[in-house]
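Chain and residue survey
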Amino acid sequence: MTRKRVDDSNALERDAEDPFAPAAKPDGTGRTIDWDAFSHAFVPVALRTRAVAVSIATDRDVYERGDPVAVRVEFRNRLPFPIRLRTDSPERWVWAVDGATAASRLERPVPDRPDVFSFARGERKRFSREWSQRIRVAEDEWDPVDPGRYKLTARVNREDAADRGLVAATEIEIRE
């Protein structure tokens, strides 16, 4: 009986291979499914838009005049699979103060082409902004706001965001 030595064979190399791993493509990469594209193709728009929760919060409810307002915005995919939402421009989300986008009354130079806002399964995207209690009225001019109540909003940048529940709002008060 002839015995073959283990080190003469390639048995050790074969043992290191995972028999359940996807077969390699000719270019050396494994076969995978693009789950973002898959869910985008097969999940209805109504479900995709309901999957994303939007929230906005500030560090306080009442501010003294001139104090900076810390704004936190969060977008969360509530589903256990990836979601992609179409947006009206590459600027995937916007925030506003009493309807003034990014606290500005000027037209924003954002490309007018659609894009997507992608979320991994269960992913949270968090953003922070600081509002200086001023509204931009010209390229080099910002006017301070008067004491009163102000509504801060955040939304996915799409025309039907309000209809689809992709908007969140909070109110703050500025005192003298």
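The structure we're discussing is the one just above.
Being a predicted model, the structure only gives us computed values, none of them experimental. Position labels on residues start from 1 in each chain and follow its written sequence. Only residues with pLDDT of 70 or above have their local features reported here, since the model is predicted, and side-chain atom pairs are shown and tallied only from 80 upward, although totals for entire chains, interfaces and linings are computed over all residues. No hydrogens and no water enter the side-chain calculation; it runs on all heavy atoms of the structure.

Quick notes on the nonpolar core
Joining through side-chain atoms within 4.5 Å is the link that ties buried Ala, Val, Leu, Ile, Met, Phe, Trp, Tyr and Cys residues into a set, and such a set is a nonpolar core. Buried residues are those whose accessible area, probed at 1.4 Å on protein chains only, stays under 20% of the maximum for their type, while exposed residues exceed 50% and partly exposed ones sit between those limits. Counting residues in hydrophobic clusters, the biggest one holds 32 residues, and the most contacted among them are Phe75, Val97, Trp131, Tyr150, Leu152 and Ile172. Broken down by secondary-structure element, the contributors of at least two residues to this core are strand S1 (52–58), strand S3 (69–77), strand S4 (83–87), strand S5 (93–97), strand S7 (115–119), strand S11 (148–156) and strand S12 (167–175). In this structure Ile172 touches Thr58, Arg60, Asp61, Tyr63, Val69, Trp131, Gly148, Arg149, Tyr150 and Leu152, once residues within four positions along its chain are discounted. Counting from the N terminus, the helices are DSSP H or I runs at least four residues long and the strands are E runs at least two residues long. By definition, residues are in contact when any of their heavy atoms lie within 4.5 Å.

Topic: the sheet that holds S3
Sheet architecture is open: three strands sit in the order S1-S3-S8, paired in antiparallel fashion. Of all the strands in the sheet, the pair left with one neighbour each is S1 and strand S8 (124–131). On average, adjacent strands in this sheet sit at an angle of 15 degrees to one another, irrespective of strand direction. Each pair of strands is called paired provided DSSP finds at least two bridges between the two strands. Lines fitted to C-alpha atoms define the axes, with helix axes restricted to the stretch in contact, and inter-axis angles between N-to-C directions lie between 0 and 180 degrees.

Remarks on the packing of aromatic side chains
To pair, rings of Phe, Tyr and Trp, with the six-membered ring standing in for Trp, must have centres within 6.5 Å; the planes then decide the type, stacked if under 30 degrees apart, edge-to-face if over 60, and tilted in the middle. On inspection of all chains with the given rule, the structure shows six aromatic pairs. Considering the side-chain rings of Phe75 and Phe117, the 5.3 Å spacing of their centres and the 70 degrees angle between planes classify their relative orientation as edge-to-face. With a gap of 42 residues between them, Phe75 in strand S3 and Phe117 in strand S7 connect regions that are remote in the sequence. For the ring pair Phe117 and Phe119, a centre distance of 4.7 Å and an interplane angle of 50 degrees mean the geometry is tilted. Classification of Phe117 by relative accessible area gives buried; the value is 3%. Residue class for Phe119 comes out buried when judged on its relative accessible area of 1%. Joined through ring pairs, the aromatic side chains of Phe75, Trp93, Phe117, Phe119 and Phe127 make up one cluster.

Quick look at the environment of Val43
Here Val43 shows up in the loop between helix H2 (35–42) and helix H3 (45–51). Under the relative-accessibility criterion, Val43 is labelled buried at 10%. When the C-alpha positions of Val43 and Arg84 are compared, they lie 9.7 Å apart, and in sequence the two are 41 residues distant. Not counting residues within four places of it along the chain, the set of residues in contact with Val43 comprises Arg48, Phe81 and Ile83.

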